[in-house]
2 protein chains.
Amino acid sequence: MTEPLRIALAGLGTVGAGVIRLIDANAALIARRAGRPIEVVAVSARDRAKDRGVDITRFDWVDDTAELARHPRADVVVELVGGSDGPALTLARASLAGGKSFVTANKAMIAHHGLELANAAETAGLALKFEAAVAGGVPVIKGLREGAAANEIARVYGILNGTCNFILSKMEAEGRDFAEILAEAQRLGYAEADPSFDIDGVDAAHKLSILASLAFGTQPAFDQVAITGVRHVLAADIAEAASLGYRIRLLGVADAGSGGLFQRVHPHLVPLSHPLAHVTGSTNAVVAEGNFVGRLLFQGAGAGDGPTASAVVADLIDIARGEFGPPYAMPAAALAAPGAADTGERTGRAYVRFTVADKVGVLAEIAAAMRDAGVSIESLMQRGANPDGSVLVAIVTHEGPERAVAQALDKLRGSASLTGEPMWMHILGG
Amino acid sequence: MTEPLRIALAGLGTVGAGVIRLIDANAALIARRAGRPIEVVAVSARDRAKDRGVDITRFDWVDDTAELARHPRADVVVELVGGSDGPALTLARASLAGGKSFVTANKAMIAHHGLELANAAETAGLALKFEAAVAGGVPVIKGLREGAAANEIARVYGILNGTCNFILSKMEAEGRDFAEILAEAQRLGYAEADPSFDIDGVDAAHKLSILASLAFGTQPAFDQVAITGVRHVLAADIAEAASLGYRIRLLGVADAGSGGLFQRVHPHLVPLSHPLAHVTGSTNAVVAEGNFVGRLLFQGAGAGDGPTASAVVADLIDIARGEFGPPYAMPAAALAAPGAADTGERTGRAYVRFTVADKVGVLAEIAAAMRDAGVSIESLMQRGANPDGSVLVAIVTHEGPERAVAQALDKLRGSASLTGEPMWMHILGG
């Protein structure tokens with residue numbers, strides 16, 4: 001048996017402990033598949049004494065996480081600390097500068113600094129791998145970098161945040177409203193105490209920007225992602241969507257048309273005929289559309305210690321086998337600078353829901369604003385008054401420019417007839 | 001730019017022409033992603049003159065396919081001839097013996113001779129790759145070999161034959177019977193003139209045996225796959241299944257329990273809550289269940305020139321990058337000889353449908369046979385007489401040993417009350 005691949009592990013939260021558990025449980029299997037054992041040799045975390053359910057006394061303990069980059073026996077540093085900057089980034093830079101390959105689950109750091117780190121890794125002939133950063137255990141980075149590598153990708157999109165999908169599919173199953181389900185998810189540990197990173201779409205946007213780089217050969221451009229979360233989706237929206245043959249999902253969508261790179265995280269209406277409509281709970285799913293392969297779907301657990309550890313160790317196995325290359329499929333220096341697409345030029349069908357006062361003339365006002373902006377209405381539903389006396393009006397538009405919908409909403413936004421912000425959702429097109 | 005990867009291509013049917021078209025269309029992109037161009041240099045097929053919609057005059061023409069293995073400029077031989085033995089196998093052996101890596105879409109050959117060829121490739125330090133052999137464009141070989149490599153796989157299963165799924169989902173959508181849809185599929189080119197390889201499950205079994213090797217680290221054992229096709233599924237079965245909340249899918253299922261390797265291709269009832277129930281048309285989908293990652297799903301086009309070419313060229317890109325290793329994830333010599341599991345020891349829920357004469361006492365006879373064999377019945381449906389006067393009786397059993405169901409059916413098989421063979425389908429369990 002050849003030399004083991006030796007790991008220095010930063011961060012011993014649930015995922016870090018999961019990586020140790022996985023390497024313990026599947027050690028023999030991993031050695032057979034990787035051609036050599038994978039061993040943790042050193043760890044670092046905030047609290048040495050904390051009980052994590054795994055024995056860490058057999059590893060070197062390093063107080064200062066940054067020191068892992070200089071650990072004399074480690075070949076690879078695994079970073080599970082989190083945070084786009086700070087100790088994670090310091091460790092990443094030092095590891096690659098110091099001749100160690102680097103594996104991370106840190107989507108925020110890769111979204112913000114992936115290009116710099118990929119350049120450093122390539123220059124040094126080292127691996128930088130981040131399968132666990134997108135869709136947890138689902139090998140979608142590999143799917144894009146390698147599985148779909150022969151294709152020009154027209155669009156990549158998917159359900160990238162398990163917390164949001166858990167909430168939306170529970171709202172759907174139980175007919176209850178957002179705040180109630182969120183509170184329950186927090187009690188059960190499915191949502192963070194401060195959930196805004198998840199429910200406001202930032203986490204999904206980090207992941208989307210990583211997928212977009214891989215799919216389109218463009219430099220990561222997190223700042224160009226247009227982000228709307230799920231906070232303002234009502235149970236009534238879900239019911240309306242269902243009556244029309246759709247389910248509501250928070251989708252990250254990226255495409256690279258002639259106008260430049262388009263990246264958006266937004267709640268969408270997904271037709272029941274589409275596989276993403278049937279993805280429930282905290283599952284993640286990513287679709288890539290290639291010019292030869294057609295529509296590929298990758299689906300599985302998007303979070304959790306087991307799935308995330310699975311992706312981290314898959315990266316380690318690739319490194320142990322020597323089967324790795326440029327992190328973004330092509331050399332980082334060859335990635336094109338993306339021009340941001342003009343969203344207004346996009347066309348599509350839309351769902352727009354208004355909360356309005358129950359009085360004469362409101363419908364006419366909405367219809368007129370749509371007409372004046374050139375929005376063609378496919379269907380309009382008005383449902384009886386809410387307990388607070390307001391009424392919901394939901395519109396589905398025909399295919400048309402998004403700019404027109406935006407104009408209509410701008411015009412209506414000041415209206416005294418509306419008792420709340422309109423909710424605009426896109427309908428996922430084929 | 002470094003030297004191109006040079007390809008000798010055997011077989012210029014739709015897939016072969018598709019590979020040339022893909023390499024033409026995406027040449028610049030492939031060169032960026034692979035780090036060097038991929039070029040076809042030589043081709044061989046039966047008929048040089050045939051119009052394939054691609055210009056082959058720019059390549060060396062080789063009359064004798066086997067000669068491609070000795071082509072002076074080719075680095076890799078791509079085999080798209082088909083057939084488990086004969087010219088394809090001769091070419092594979094000669095290519096690997098002659099120092100050329102080998103890429104194939106040939107599931108029959110890999111199912112029968114994959115182990116021998118993997119040994120040859122590993123000894124020579126060459127690549128043997130066959131992503132296109134299973135699930136067309138879906139990178140499921142890579143998903144198991146690499147993406148899920150950190151996991152002990154408990155079970156791998158899926159929809160592996162597009163023709164069968166096309167027929168079943170069309171029967172489902174239109175309520176029509178098998179023979180009618182098959183004839184239509186043949187007219188449309190979705191089914192072969194001689195469809196038995198597809199509809200009797202052999203094609204799916206080839207693919208399943210390849211997946212099982214990868215998932216469980218066992219030697220390919222195609223001969224151990226228990227195979228039942230879709231020929232005897234009735235529209236009435238699909239309707240019964242629907243009324244119970246299931247869809248019928250031809251699944252290949254493999255697991256490696258304590259009793260040995262279990263491999264079966266059989267029509268199954270799939271609950272609507274499972275993603276495979278929503279896979280329609282000629283789409284393929286594979287699920288792998290890992291001990292850390294949980295349930296992974298890979299889905300996409302299972303056949304066709306574009307998707308198959310996508311998988312072939314993905315393999316070529318891996319080779320161009322130098323990112324390849326043992327074809328079965330671990331050295332072929334390390335694959336365990338699989339003991340075949342005893343199917344009778346398996347437990348599960350089952351659907352059994354009888355076609356019976358419309359006369360007194362038939363139900364009692366069926367019920368007694370079930371009772372005597374110890375089969376516990378969850379529900380029993382009897383539907384009114386068919387045009388020919390026969391009646392359908394469908395039973396769903398509780399969880400129990402398959403042996404008991406087999407015994408009951410053995411007992412009933414001779415009965416004068418049955419007007420046709422009973423149809424036994426397994427219900428996919430969680």
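Residues numbered from 1 in each chain as written. Chains lettered and ligands numbered in written order. Predicted model: local features only at pLDDT ≥ 70, side-chain atom pairs only at ≥ 80, totals over all residues. Heavy atoms only, no water.

A. Representation of the interface of chain A and chain B within the structure. Taken residue by residue, the interface counts 54 residues in chain A and 54 residues in chain B. Buried area between chain A and chain B, summed over both chains or domains, comes out near 4200 Å², and the portion from carbon and sulfur atoms is 53%. By the criterion of area lost to chain B, the three top residues of chain A are R32, R33 and F292 of chain A, representing 18% of everything that side buries. At the boundary of chain A and chain B, one finds four salt bridges. For K142 of chain B, the salt bridge identified is with E146 of chain A, shortest N-O distance 2.8 Å. At the surface where chain A touches chain B, the tally comes to 27 residue pairs in polar contact (both at pLDDT 80 or more). When residues of the side of chain A that touches chain B are traced back to their parent elements, those giving at least two are α1 (14–25), α2 (27–34), α5 (140–147), α9 (202–216), β12 (294–301) and α11 (305–321) of chain A. A total of eight residues in the side of chain A that touches chain B trace back to one element, the largest contributor, which is α11 of chain A. Broken down by class, the residue content of the side of chain A that touches chain B amounts to 30 nonpolar, 13 polar and 11 charged. (Contact = heavy atoms within 4.5 Å. Buried area = accessible area lost by both parts, 1.4 Å probe. Salt bridge = Lys/Arg side-chain N within 4 Å of Asp/Glu carboxyl O. Polar contact = N/O pair within 3.5 Å; in protein donor to acceptor, adjacent residues only side chain to side chain. Helix = DSSP H or I, 4+ residues; strand = E, 2+ residues; numbered from the N terminus. Nonpolar A, V, L, I, M, F, W, Y, C, P; charged D, E, K, R; others polar.)

B. Local environment of empty space enclosed by the protein. A complete count under the given rule lists six cavities of 30 Å³ or more for this structure. Taken together, 15 residues make up the lining of the largest cavity; nearest its centre are L128, K129, I141, R145 and P327 of chain B. Among the secondary structure elements, those contributing two or more residues to the lining of the largest cavity are β6 (128–129), α5 (140–147) and α11 (305–321) of chain B. With four residues, α5 of chain B is the largest single contributor of residues to the lining of the largest cavity. Across the lining of the largest cavity, the residue classes tally to seven nonpolar, one polar and seven charged. Residue assignment places the lining of the largest cavity across two domains, with domain 1 (5–137 + 321–333) and domain 2 (140–301) of chain B each supplying three or more. Computed from the structure, the second largest cavity encloses a volume of approximately 100 Å³. Around the second largest cavity, the lining is made up of 13 residues, and of these K129, F130, I141, R145 and P327 of chain A lie nearest the centre. When contributions to the lining of the second largest cavity are tallied by element, the ones reaching two or more residues are β6 (128–129), α5 and α11 of chain A. Partitioning the lining of the second largest cavity into residue classes produces five nonpolar, one polar and seven charged. The residue makeup of the lining of the second largest cavity includes at least three contributed by each of domain 1 (5–137 + 311–334) and domain 2 (140–301) of chain A. (1 Å grid on protein atoms, 1.4 Å probe; cavity = no way out; pocket = protein on both sides within 12 Å on 5 of 7 lines; lining within 4 Å. Points joined across faces, edges and corners; volume = space filled by probe spheres on them. Domains from an automatic or database assignment.)

C. Region of interest: the domain arrangement of chain A. Taken domain by domain, chain A comprises domain 1 (5–137 + 311–334), domain 2 (140–301) and domain 3 (343–427). Put simply, the middle of domain 1 of chain A and the middle of domain 3 of chain A, counted by C-alpha atoms, are 49 Å apart.

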